[in-house]
Amino acid sequence: MLERDPTEPPTTGREARESWERPGVSRLRRPVLEFAVAIAAARIPGVTVRRGDGIVRFVLGSEQISGVPHLVGVETRDGEVLHADLIVDASGHNSTVPRMLAEIGQVRDTEDRAEAGFIYYARHYRDSGRGLPEAAQWPLLHQETLTAGCLPGDNGTWSLILVASSHDRQLRALREVDAWERAMELFPEYASWTQHG
Ligand SMILES: Cc1cc2nc3c(=O)[nH]c(=O)nc-3n(C[C@H](O)[C@H](O)[C@H](O)COP(=O)(O)OP(=O)(O)OC[C@H]3O[C@@H](n4cnc5c(N)ncnc54)[C@H](O)[C@@H]3O)c2cc1C
């Protein structure tokens, strides 16, 4: 599913092609990547994938080192306790782990956060059967307060993005499809991309 079709050039622009095909770059939508990783994980013996089980708190065991809380598991939203020898936090940008640790007390907060300050307003498109637009490029256009871009995806898909400062409250109107489409119309370079999908 994720293999690139060698007959489908992602672009006619040499520079863009090289940048998207360099090692480590995957041209695919996030849900597709997550689906592939989930399938691979489910095939690993001994791994159980549990969905929708939000973790709400840590379970404390008896102290092993004086003054250091000893975690022995986690509790799900439904109140189920899962015991563990090792807990790995991979809960991402909006992690609730700092709050859960604060509830235990005693634990020093070592979290280091850096806000990049950008917000993406994106829409995904799928090739409607006509192939990619003729002059296929993956343009990125910078205006004073807004950047517009076109990103290649998997299986004949692409996304158009508008990137703004997360502090720009007026531009949050771009969450509405109608406003987003009207804003994208201001970039004629993308006309073929919006009409082709
Ligand atoms: C709009 C946008 C575009 C991006 N584009 C790119 C890109 O093109 N290329 C790129 O490399 N990166 C991109 N990134 C960054 C990339 O998405 C992140 O760096 C990456 O997802 C971080 O992975 P992660 O596993 O640390 O966290 P996440 O992907 O955030 O995963 C955390 C997971 O933990 C789960 N979780 C959280 N709290 C709990 C809890 N209490 N209990 C149970 N589960 C919980 C969440 O539901 C989630 O599934 C983009 C990010 C954004 C927002």
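What counts, and where the lines are drawn
- Residues numbered from 1 in each chain as written.
- Predicted model: local features only at pLDDT ≥ 70, side-chain atom pairs only at ≥ 80, totals over all residues.
- Heavy atoms only, no water.
- Near = heavy atom within 4 Å.
- Polar contact = N/O pair within 3.5 Å; in protein donor to acceptor, adjacent residues only side chain to side chain.
- Areas by Shrake-Rupley, 256 points an atom, 1.4 Å probe, with all protein chains shown as cover.
- Nonpolar A, V, L, I, M, F, W, Y, C, P; charged D, E, K, R; others polar.
- Core = buried A, V, L, I, M, F, W, Y, C linked by side-chain atoms within 4.5 Å.
- Buried < 20%, exposed > 50% of the residue type's maximum accessible area, 1.4 Å probe, protein only.
- Helix = DSSP H or I, 4+ residues; strand = E, 2+ residues; numbered from the N terminus.
- Contact = heavy atoms within 4.5 Å.
- Pairing = 2+ DSSP bridges.
- Axes fitted to C-alpha atoms, helices over the stretch in contact; angles between N-to-C directions.
- 1 Å grid on protein atoms, 1.4 Å probe; cavity = no way out; pocket = protein on both sides within 12 Å on 5 of 7 lines; lining within 4 Å.
- Points joined across faces, edges and corners; volume = space filled by probe spheres on them.
- Domains from an automatic or database assignment.

K.L.:
Quick question: what am I supposed to make of the site of the ligand here?
P.N.:
Near the ligand, the surroundings consist of Arg 30, Gly 54, Ile 55, Ala 90, Ser 91, Gly 92, Thr 96 and Tyr 120. One of the side-chain N or O atoms of Arg 30 is found 2.6 Å from an oxygen atom in the ligand. For the ligand, a nitrogen atom lies 2.9 Å from a polar atom in the backbone of Ile 55. Alone, the ligand offers 1000 Å² of accessible surface; in the complex the protein occludes 32% of this. Split by residue class, the shell around the ligand holds three nonpolar, four polar and one charged.

K.L.:
What is the right way to look at the nonpolar core in this model?
P.N.:
In globular proteins that are soluble, nonpolar side chains generally tend to be buried together. Judged by nonpolar contacts, the single largest core of 17 residues is most densely connected at Leu 160, Leu 162 and Tyr 190. Contributing elements (two or more residues each) for this core: strand S4 (118-126), strand S6 (146-152), strand S7 (157-165) and helix H4 (177-184). Once residues lying within four places of it in the same chain are set aside, the contact partners of Leu 160 are Tyr 121, Ala 122, Arg 123, Tyr 125, Gly 149, Cys 150, Trp 180, Met 184, Tyr 190, Trp 193 and Thr 194. In this structure, Phe 58, Val 97, Met 100 and Ile 104 belong to the second largest nonpolar core, which totals five residues.

K.L.:
Where do I start with the side chain of Thr 157 in this structure?
P.N.:
Note on placement: Thr 157 falls in strand S7. Not counting residues up to four positions away in its chain, the partners in contact with Thr 157 are Arg 29, Tyr 125, Arg 126 and Pro 152.

K.L.:
Hey, could you run me through the sheet that holds S4 in this one?
P.N.:
With antiparallel pairing, four strands are arranged side by side in an open sheet as S4-S7-S6-S5. Looking at strand neighbours, the two that pair on one side only are S4 and strand S5 (140-142), the edges of this open sheet. When strand polarity is set aside, the average angle formed by the axes of neighbouring strands in this sheet is 15°.

K.L.:
Just checking my understanding: could you explain the environment of Trp 158 for this structure?
P.N.:
Along the polypeptide, Trp 158 turns up in strand S7. Remark: the alpha-carbon pair of Trp 158 and Thr 194, spanning 36 residues in sequence, is separated by 10.0 Å. One polar contact links the side chain of Trp 158 to the main-chain carbonyl oxygen of Trp 193, over a distance of 3.3 Å.

K.L.:
Can you help me understand the layout of surface pockets in this one?
P.N.:
Considered as a void within the structure, the largest pocket measures approximately 1100 Å³ in volume. Around the largest pocket, the lining comprises 31 residues; the ones closest to its centre are Arg 50, Asp 53, Ile 55, Val 88 and Ala 90. When residues of the lining of the largest pocket are assigned to their parent elements, the largest contribution, six residues, is made by helix H2 (residues 30-42). Split into classes, the residues belonging to the lining of the largest pocket amount to 18 nonpolar, eight polar and five charged. The volume enclosed by the second largest pocket comes to roughly 450 Å³. If you go around the second largest pocket, you meet 18 residues; those closest to its centre are Leu 28, Arg 30, His 124, Leu 151 and Ser 159. Breaking the lining of the second largest pocket down by element, the ones donating at least two residues are H2, S4, S6 and S7. For the lining of the second largest pocket, the per-class residue count stands at 10 nonpolar, five polar and three charged. For the lining of the second largest pocket, the two domains that each supply at least three residues are domain 1 (27-113) and domain 2 (115-196).

K.L.:
So what exactly am I meant to see when it comes to the sheet that holds strand S2 (residues 71-76) here?
P.N.:
For sheets, the rule is that strands pair by backbone hydrogen bonds, running either parallel or antiparallel. Here three strands make up an open sheet; going across it, the order is S1-S2-S3 and the pairing antiparallel. The outermost strands of the open sheet, each flanked by one partner alone, are strand S1 (55-60) and strand S3 (81-83). Averaged over all pairs of adjacent strands, the angle between their axes in this sheet comes to 30°, without regard to strand direction.

All quantities given are derived from atomic positions and should not be read as evidence of function.
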